[in-house]
Amino acid sequence: MPAPIVLDSDPGIDDAVALQYLLGTGLWDLKAYTTVGGNVPAEQTFRNGRALARVFGIDGDVSVHRGAGRPLTRLPYSAAGEFHGACGLGAETLPDSAAPEQTESSAQALLRLSRAYEGELTVCATGPLTNVALAIAEDPGFARRVRKLVFMGGAADVPGNITPVAEFNAWADPDAVDLVVSSGIAYTMVGLDATHGWRFTTDDLATLQAAGEGQALSARLMDFYLGAYREAGGSPLHDPLAVGVCADESFVTAAEGTVVVECASELTRGKTVFIPYDADYPREYYVESPLVNARTARRGRVALGTGPRNFTEDFVNTLLKQPTVA
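For the structure given in this document, a descriptive report is provided here. (Residues numbered from 1 in each chain as written. Predicted model: local features only at pLDDT ≥ 70, side-chain atom pairs only at ≥ 80, totals over all residues. Heavy atoms only, no water.)

1. Concerning the packing of aromatic side chains
If you walk through the whole model with that rule in mind, you get 8 aromatic pairs. Ring geometry for Phe151 and Tyr187: centres 6.1 Å apart, planes at 45°, overall tilted. Of this pair, Phe151 sits in strand 5 (residues 148-152) while Tyr187 is found in strand 6 (residues 187-190), placing the two residues 36 residues apart along the sequence. Accessibility expressed as a relative area gives 2% for Phe151, which makes it buried. (Phe/Tyr/Trp six-rings, centres within 6.5 Å; stacked < 30°, edge-to-face > 60°. Helix = DSSP H or I, 4+ residues; strand = E, 2+ residues; numbered from the N terminus. Buried < 20%, exposed > 50% of the residue type's maximum accessible area, 1.4 Å probe, protein only.)

The structure is reproduced here in structure tokens:
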């Protein structure tokens, strides 16, 4: 049976196709689509979430929730319109869903579903982790009730994409990431180390374009996204890869360890420091810092590169199984 999942997202072009990919796999029972401010402000991501639910024909069954509009402790960040367009979905203006608007916030929906599906619920977060952090802050038991959190964010051993050292989602709300990874939740971080290895190319775009009207919107979105990466040889599949890893870690090469996020310095804000752990050869790091050393008891999985299974191929083939219906 499909497993229960929540997609927590800041749509966003790659968030939009990540939703399409999740639905196309047939592996998941999407219980809620929770939105958060990120690529564009929170009200716009909420509107985009509702519009995408309509486009993919799930707005009658899957609730869309409005999430946090600013980081936990900071002023709101700049949006990423240069990559996603002024409204977040390239040049598209999509009609709103006719479904009633939810009054329950994203964090409240996460808490409710974690109780309803304790030990079963997967949470896939493809935007800043503010909603997840708010859920944990309100009820720390959320961290143990969730089966697994997979989040797109961070950069362990590679440069950042918003500053030289920080990835956008981690930079947008570093306090949220640090709170989440120190909470004891079972997590996998899928950051730039892996997402830059799986790229969507013009050949992949041609496949979507040849698929006809059902893939026309996705093709237009990815054409816009490719334009933002015109000098990079293809657009990274950031958010879809996180969805893929929820079901199959063979898309990446991952290692166990501790993530600590720089929250204080504006120079290195959002840097995700990865402290590896090897059960066969355990070693204590940062022994001179009791606070950091104590954090190493909280460990998760971190994607450090691509894996043996071809994610780009799976992504494109899976989109073809989930055409738009509106």
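2. Quick word on the nonpolar core
Leu19, Leu30, Phe200, Met222, Leu241 and Phe315 are the most contacted members of the largest nonpolar core, which totals 53 residues. The leading source of residues in this core is helix 1 (residues 13-25), at 8 residues. Those residues in contact with Leu30 that lie beyond four places of it in its chain are Ile5, Val6, Leu7, Leu19, Leu22, Leu23, Ile58 and Val62. Judged by nonpolar contacts, the second largest core, of 31 residues, contains Ala135, Ala170, Val261 and Phe274. (Core = buried A, V, L, I, M, F, W, Y, C linked by side-chain atoms within 4.5 Å. Contact = heavy atoms within 4.5 Å.)

3. Points about empty space enclosed by the protein
By rolling a water-sized probe across the atoms, one finds the places where empty space is left. Under the counting rule described, the total for this entry stands at 1 cavity of 30 Å³ or more. For the largest cavity, the calculated volume is near 40 Å³. What lines the largest cavity is Gly127, Pro128, Leu129, Phe151, Met152, Gly153, Gly154, Asn169, Ala170 and Val177. Mapped by element, the contributors of at least two residues to the lining of the largest cavity are strand 5 and helix 7 (168-172). Residues belonging to the lining of the largest cavity are distributed by class as follows: 6 nonpolar, 4 polar and no charged. (1 Å grid on protein atoms, 1.4 Å probe; cavity = no way out; pocket = protein on both sides within 12 Å on 5 of 7 lines; lining within 4 Å. Points joined across faces, edges and corners; volume = space filled by probe spheres on them. Nonpolar A, V, L, I, M, F, W, Y, C, P; charged D, E, K, R; others polar.)

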